[in-house]
Amino acid sequence: MLEIEDLTVSYGPAESRIRAVDDLSLTIRFGQRLGLVGESGCGKSTLARAVLGLLEENARIDRGRIIFKGRDLVPLPERERRELLWEEIAFVPQASLNSLNPVYRLAGQALETVRLHRRDARQREFDYLERLRELLGTVGLEGRHLKSYPHQLSGGMVQRAVISMAFLLEPSLIVGDEPTTALDVITQRRVMSLFRDEAERRGTGLLMISHDLASLALVCDSLAVMYAGAIVESGPWSRVVQEPWHPYTMGLLNSIDSLSRVGAPLRYVPGSPPRVVGLWPGCRFAPRCLFATAVCRREAPGLRPGPEPGRQAACHRLDEAEKMRREAAGNEKWLIKSC
Amino acid sequence: MLTLRPPSWRHPLGTTWQGRDVFSQVLHGARPTLIVGLSAALILAFLGVNVGLWSGYWGGWLDLLLMRLVDILYGLPFLPLMVVVMSLLSREQKYVILGLGLVAWRDVARVVRARVLALREEDFIKSARAMGAGHVRLVYLYLFPNLLPLALLFLAFGLVWSILGHADLSFLGFGDPRHQTWGDMVSAAWAAGVMSEAYWWYLPPSACIAAVSTGAFFLARALEEIADPRRSRGGQFA
Amino acid sequence: MADQVLLEAQGVSKSFRRGLNLPWPGLRSPNFRALTEVSFTLNAGQTLGVVGESGSGKSTLGLIAAALLRPSQGRVLFQGRDPRLLSGRELKRWRRRVQVIFQNPFSALNPRMTILRNMAEPLRIHRLSSRRGERSLVEEALASVGLGNSSDILERLPLQLSGGQLQRAALARSLILRPQLLIADEPVSMLDASHRADFLGQLQLLHRENALSLLYISHHLAEVAAVADRVLVLYRGRVMELGPAQGVLSQALHPYTRELLAALPRIVASGSGGDFHERKAREVIDRPAGPTGCPFSPACPRAEPRCGAAEPALKQAAGDHFVACWLA
């Protein structure tokens, strides 16, 4: 359904352009629920905005194609892009409280969007409202909330309302940007369950972008890990999470997992991602990698397939994944000493 | 006598009804205008910012009191009030300055207070309190610097208001007779009834008033940009 | 030393008046009770974790413990003394012993001061150092939180630093006065998931090396358990459970605690989790001072009639593990 090929997006004034997305390729099939995980600054939000056509003024797509249902979105003029938005591709942004107009009630805002896309909106207004009411119901919000203003609802409720609105026009793809920030665990759970249930029911494809891997577990069936502007590993969720191939994924999982085990030592990946991409010819993760060799520093590994079908990782030492995993789990450098 | 002559080589901007050189009058008129303008602007900015700061920070009875005072001031129309003040006191320059400054601060106070109310809830203020910072420190070292762009903007606006207010007063004949301002010149031209012919007499001072006002505004914008920390050191990207 | 009571909350309640604030009784709007009868003790060198969802009152509790907010009822004693009774000067000196760090790293430092200046502020407020001496003290503090080798950080402004760096700087700033108690309100919630372990490890280190007591507030039970010795579970301003971290996690006695545990995001989703009761119950935004009974009963999967009738008191279940539930 969505195929991104060699996408490069850069920012900034002409003298010092920074590449936020570097030669990135990604595929999402119909009905697939992909979680895109990465640290802040890795370019994931930029990627989302590029797909939606919501890039900022000073950002530019240098290269690549974004093919959605057979059409390349990159050269598309603004008007046609807008038609696509919400009808085919919907967006659930971060901190939704800020994305709703505070002086309009929920029902009004939802209907406005419908009117923009469907000509039968006026006659069938009642039908749409009913559907919205139904959607809200599955999420624990009552029909009366349709008449509420955003500020009258809590952050979690607004988030769920926005998600319901996203499903309203039955898009093929919903892009969620950090859907669970500022929500506590209980609300997170509810929000993500809603996403999963609705997407499953309608066969909607999802692209969930977050730095919080664990929060996406409930929703996603596939995982793509992003680092410094490119995907470093991708594959089915449970496979990647249980047996990662890329050292960065290993470190990430160790770190997040260590938090849930009480009494266990905490783990992390020291250092931080490069601010500027493309400074050296080798693997972008090499400086922080426990297993980097001379080859790694010299030659950048592209995403390559491994022993299992449907999985890829950008690492020269793929075949040693098992060994690397064991090493990563015990290595001192990735352990936080606190005794 | 070279009365009411259009611009010539000897008198670049012509002469007035009384044969006085317009050009030199314009030059001389700059001084009182700027003196009054700047002084009044400083007074109103100082007053407005401080009232806004303490009113917003302290809240409670102080806020109530000060804001009611502001409300009262809002109820008084500017020019008639100034006229009354000038007729009661003598028409000296210092009273003009005071009058302008003491009335115009109401807008500044309101806006500053609103900003303070928002800033007050920020974490770094709570942290500073937790560290033991006293009231004066919090208000002037923490709140005020974060209002600096706003304050500078009001300083420039104040300059504009004062200059225009002063011009209005002069035009109405309430200015200080010892210091002729641009407004006085326009007033004189009007009084002489020569508005339709002697354009060289009232156009230059009017243009000057407009120019200084606009200049003050641009200055404020420039100061605002300079004072903005984001500009000076380059922030982070997304 | 370990037995000395550092912080003690006694029946702390806090209400906020919403809407019109007029002194006339007839015109007052109903109160919002953020906290009701919260009590706990924290010994020197220990860490207490406070867990609850949004709206549970945990942040309010933190602010009261830091004497940045006054309780409506009850009191909080630090080393046996009530900060409200201290004089201005004594209070200022007291402030050196208790420090706070907040959730949002981006608003934690004064945006118009350099990092150096931001961190020197506590020293200047308490006149603890000369201008020259400041720099080395600040560098030392930064080193203790892992920002030691970035010496160029000192001259930068907050907007030039990342969230993780800012939060560490905020931590360093709070430590520069060598406090005895640090109150941390959701310190890692706004950090990247991959950086949280790092920051928590730092806190653990400081806790153990400097005998720094922590009051750690969060909505994430596992995170809290990683740092805390004892855990207090808050729901709508009331204590539901209080006990040793290990105990509360392995044998959660209160249904709400179990719900919090089940709601924890796990890397590999384990289905819908047996104990998680999808609370499709009526979502009420603000419950006014409601009817009698356990506040959790309307949403509790195991609620019985007696739960709605009377509110259970916090009683001892085993050792120092307490719970407020009729069914425990």
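Residues numbered from 1 in each chain as written. Chains lettered and ligands numbered in written order. Predicted model: local features only at pLDDT ≥ 70, side-chain atom pairs only at ≥ 80, totals over all residues. Heavy atoms only, no water.

## Side note on the overall build of chain A
The helix and strand tally for chain A stands at 11 helices and 12 strands. Out of the 339 residues in chain A, the part that is buried amounts to 57%. Put simply, chain A shows about 14,500 Å² of open surface, and 49% of that area lies on carbon and sulfur atoms. (Helix = DSSP H or I, 4+ residues; strand = E, 2+ residues; numbered from the N terminus. Buried < 20%, exposed > 50% of the residue type's maximum accessible area, 1.4 Å probe, protein only. Areas by Shrake-Rupley, 256 points an atom, 1.4 Å probe, with all protein chains shown as cover.)

## As for the overall build of chain B
Broken down by element type, chain B carries 10 helices and 0 strands. Listing each helix as α and each strand as β along chain B from the N terminus yields α-α-α-α-α-α-α-α-α-α. Taken over the C-alpha trace, chain B has a radius of gyration of 22 Å; the compact-globule value for 238 residues is 18 Å, which it surpasses by more than 25%. The contacts of chain B with a sequence gap of at least 6 include a subset with a gap of at least 24, amounting to 70%. Taken together, the 20 basic and 15 acidic charged side chains of chain B have centroids lying 4 Å from each other. (Rg over C-alpha atoms; globule rule 2.2 N^0.38 Å. Contact = heavy atoms within 4.5 Å. Lys, Arg positive; Asp, Glu negative; His and termini not counted. Charge placed at Lys NZ, Arg CZ, Asp CG, Glu CD.)

## Quick word on helix α8 (residues 182-191) of chain B
Residues and elements named next belong to chain B. Across the 10 residues of α8, 7 count as buried, placing the element largely inside the fold. Considered for burial, the residues of α8 that qualify are W182, G183, D184, M185, V186, S187 and A189. The distance from a side-chain oxygen at the start of α8 to the backbone nitrogen of G183 is 3.3 Å, and the residue carrying that oxygen is T181. Positioned one or two residues after α8, G193 has a phi angle of 70°, which is positive. (Polar contact = N/O pair within 3.5 Å; in protein donor to acceptor, adjacent residues only side chain to side chain.)

## Overview of the interface of chain C and chain B
The interface is formed by 33 residues belonging to chain C together with 25 residues belonging to chain B. Taking both sides of the interface into account, the surface hidden between chain C and chain B amounts to around 2,400 Å²; carbon and sulfur atoms contribute 54%. Here chain C and chain B share 1 salt bridge between them. At the junction of chain C and chain B, the tally comes to 12 residue pairs in polar contact (both at pLDDT 80 or more). When contributions to the side of chain C that touches chain B are tallied by element, the ones reaching two or more residues are β5 (98-101) and α3 (115-125) of chain C. Here the side of chain C that touches chain B takes 5 residues from α3 of chain C, the largest share from any one element. (Buried area = accessible area lost by both parts, 1.4 Å probe. Salt bridge = Lys/Arg side-chain N within 4 Å of Asp/Glu carboxyl O.)

## Re the confidence of the model for chain B
All names here are of chain B. The pLDDT averaged across chain B works out to 82; a share of 94% of its residues lies at or above 70. Of all secondary-structure elements in chain B, the lowest mean pLDDT belongs to helix α10 (residues 229-233), at 54, while helix α6 (residues 135-143) reaches the highest, 91. Here residues 232-238 is a poorly scored stretch, pLDDT under 50, and it has 19 contacts once near neighbours within four places are set aside; other chains count. (pLDDT = per-residue confidence, 0-100.)

## Re the packing of aromatic side chains
By the definition in use, this model includes 16 aromatic pairs over all chains. Ring centres 5.2 Å apart and planes at 80° place the aromatic pair Y199 of chain B and W200 of chain B in the edge-to-face group. Taken together, the ring pairs connect F154, F157, W161, F217 and F218 of chain B into an aromatic cluster. In this arrangement the basic side chain of R311 of chain A is found over the ring face of W245 of chain A, its NZ or CZ atom lying 4.0 Å from the centre. If you follow K126 of chain B out to its NZ or CZ, it ends over the ring of F102 of chain C, 5.2 Å from the centre. (Phe/Tyr/Trp six-rings, centres within 6.5 Å; stacked < 30°, edge-to-face > 60°. Lys NZ or Arg CZ within 6 Å of the ring centre and 35° of its normal.)

## Here we look at a nonpolar patch on the surface
A contiguous nonpolar surface patch, about 390 Å² in accessible area, is contributed by W58, W61 and L65 of chain B. The residue W58 of chain B is located in helix α1 (residues 22-58) in this model. (Patch = residues over 30% accessible without salt bridge, like charges linked within 9 Å, V, L, I, M, F, W, Y side chains within 5 Å.)

## Digging into the packing of α1 of chain B against helix α2 (residues 60-75) of chain B
Residue and element names in this part refer to chain B. Between α1 and α2, the least distance of the axes is 7 Å, while the angle of their chain directions is 140°. Between α1 and α2, the crossing angle belongs to the class labelled oblique. Between α1 and α2 the crossing geometry is left-handed. Residues V51, W54, S55 and W58 of α1 form the contact with α2, whose participating residues are G60, W61, L62, D63, L66 and M67. Partitioned by chemical class, the residues of the contact of α1 with α2 number 7 nonpolar, 2 polar and 1 charged. (Axes fitted to C-alpha atoms, helices over the stretch in contact; angles between N-to-C directions. Parallel < 35°, antiparallel > 145°, perpendicular 65-115°, else oblique. Left-handed = near helix turned anticlockwise from the far one by under 90°. Nonpolar A, V, L, I, M, F, W, Y, C, P; charged D, E, K, R; others polar.)

## Some details on the sheet that holds strand β4 (residues 73-78) of chain C
Residue and element names in this part refer to chain C. The 3 strands are arranged β2-β1-β4 in an open sheet whose pairing can be described as antiparallel. On the outer flanks of this sheet lie β2 (31-43) and β4, each paired with one strand and no other. Pairwise comparison of adjacent strand axes, ignoring direction, gives a mean angle of 15° for this sheet. In this sheet, β4 lies alongside strand β1 (residues 5-17) in antiparallel orientation, the contact comprising 5 bridges. What sits directly across from Q10, in β4, is R75. Set on the sheet, helix α1 (residues 58-65) makes contact with β1, β2 and β4; between it and β2 the angle comes to about 60°. (Pairing = 2+ DSSP bridges.)

## What to know about the pattern of salt bridges
All names here are of chain A. Inspection of every chain in the model, using the stated rule, returns 36 salt bridges over all chains. In this structure, R201 engages E198 in a salt bridge whose closest nitrogen and oxygen atoms are separated by 2.9 Å. With R201 and E198 both in helix α6 (residues 185-202), this residue pair falls 3 residues apart, about one helical turn. A single salt-bridge network, built from bridges that share partners, covers E233, R239, E243, E308 and R311.

## Focus: the sheet that holds strand β5 (residues 71-72) of chain A
Residues and elements named next belong to chain A. The strand order across the open sheet formed by 4 strands is β2-β1-β4-β5, and the pairing between neighbours is antiparallel. The strands lining the two open edges of the sheet, one partner per strand, are β2 (18-28) and β5. Bridge count for strand β1 (residues 2-11) against β2 is 7 bridges, and the pairing is antiparallel. Looking at the pairing, Y11 lines up with I18 of β2. Of the strands in this sheet, β1, β2 and β4 (60-68) touch helix α1 (residues 44-52), which is tilted by about 115° from β1.

## Focus: the state of the cysteines
Residue and element names in this part refer to chain A. According to the stated counting rule, one finds 0 disulfides over all chains in the structure shown. There is no disulfide at C220, and the cysteine sulfur nearest it, in C42, is 15 Å away. No disulfide involves C296; its sulfur sits 6.0 Å from the nearest other cysteine sulfur, which is in C315. The exposure class of C296 is buried, given its relative accessible area of 8%. (Disulfide = S-S within 2.5 Å.)

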